[in-house]
Amino acid sequence: MKLITAIIKNFKLDEVRAALSDVGVSGITVTEVKGFGRQKGHTELYRGAEYVVDFLPKLKIETAVSDEILERAVDAIQSAAHTGKIGDGKIFVSDLEQVIRIRTGETGPSAI
């Protein structure tokens, strides 16, 4: 089992959700986050004053998947979130030692 964490642009959420659903991902968690990478923020103009926006708004998507669909899920996120412009985001994959469904007590891949 793997945990996929993806940082994407806000307007790409619907496309990424649909792409994950198409490959069999049954659920995702979405969190609004702020951060920066190589972009290092940008400058904006507000009421005639220029100011620097260091942390850009993004969305963090997390989903637990079985090893069998990992590559398809990663490919789905990558293709749906891609714009070709700086700031498209990142995908992180980590091992999950255990998953427990609280309602039923199921563990392992059946709990996903």
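Residues numbered from 1 in each chain as written. Predicted model: local features only at pLDDT ≥ 70, side-chain atom pairs only at ≥ 80, totals over all residues. Heavy atoms only, no water.

A.B. asks: With reference to specific residues and values, describe the sheet that holds strand β1 (residues 2-8).
C.D. replies: Spatial strand order, β2-β5-β1-β6: four strands in an open sheet with antiparallel pairing. Edge positions in the open sheet fall to β2 (29-35) and β6 (90-95), since each of these has one partner strand only. Sheet twist, expressed as the average angle between the axes of neighbouring strands with direction ignored, equals 25 degrees. Packing of helix α1 (residues 13-22) onto the sheet brings it into contact with β1, β2 and β5 (56-65), and relative to β5 it is tilted by some 10 degrees. This element, helix α2 (residues 70-81), spans β1, β5 and β6 of the sheet and lies at about 5 degrees to β1. (Pairing = 2+ DSSP bridges. Helix = DSSP H or I, 4+ residues; strand = E, 2+ residues; numbered from the N terminus. Axes fitted to C-alpha atoms, helices over the stretch in contact; angles between N-to-C directions. Contact = heavy atoms within 4.5 Å.)

A.B. asks: Break down α1 for me, with residues and values.
C.D. replies: Buried within α1 we find V16, A19 and L20. Each buried residue of α1 sits inside an arc of 100 degrees when the element is viewed along its axis, so together they form one side. What points out from α1, more than 90 degrees from its buried face, is the exposed set D14 and D22. (Buried < 20%, exposed > 50% of the residue type's maximum accessible area, 1.4 Å probe, protein only. Arc of directions from axis to C-beta.)

A.B. asks: Describe the nonpolar core, listing the residues and the values that go with them.
C.D. replies: In this structure, I4, I8, V16, V25, V65 and A73 are the most contacted members of the largest nonpolar core, which totals 19 residues. The greatest single-element share of this core, amounting to seven residues, is contributed by α2. Not counting residues up to four positions away in its chain, the partners in contact with I8 are L13, V16, K58, L59, I61, A81 and D88. (Core = buried A, V, L, I, M, F, W, Y, C linked by side-chain atoms within 4.5 Å.)

A.B. asks: Now, about the side chain of K58: what can you tell me, with residues and values included?
C.D. replies: Looking at where K58 falls in the secondary structure, it is placed in strand β5. Here K58 sits buried without a salt bridge, and the closest side chain of opposite charge, D88, lies 7.0 Å off (N-O distance). At 2.6 Å, the side chain of K58 and the backbone oxygen of G87 are in polar contact. (Lys, Arg positive; Asp, Glu negative; His and termini not counted. Salt bridge = Lys/Arg side-chain N within 4 Å of Asp/Glu carboxyl O. Polar contact = N/O pair within 3.5 Å; in protein donor to acceptor, adjacent residues only side chain to side chain.)

A.B. asks: Hey, could you go over α2 for me, with residue numbers and the actual values?
C.D. replies: Look at α2: 17 Å from first C-alpha to last across 12 residues, which is about the 16 Å you get at 1.5 Å a residue. Along α2, the residues that are buried comprise L70, A73, V74, A76, I77, A80 and A81. Down the axis of α2, the buried set is contained in an arc of 160 degrees. They therefore lie on one face. Of the exposed residues in α2, those oriented more than 90 degrees away from the buried face are E71 and S79. Lining the buried residues of α2 we find β1, α1, β5 and β6. (Expected span 1.5 Å × (residues − 1).)

A.B. asks: Mind laying out the pairing of β1, listing which residues take part and the relevant values?
C.D. replies: The two faces of a sheet get side chains in turn, since along a regular strand they alternate between them. Where β1 meets β5, seven bridges bridge the pair, whose relative direction is antiparallel. The residue bridging I7 from the neighbouring strand is K60, located in β5. Note: β1 against β6, six bridges, orientation antiparallel. Of the residues in β6, the one forming a bridge with I4 is V93.

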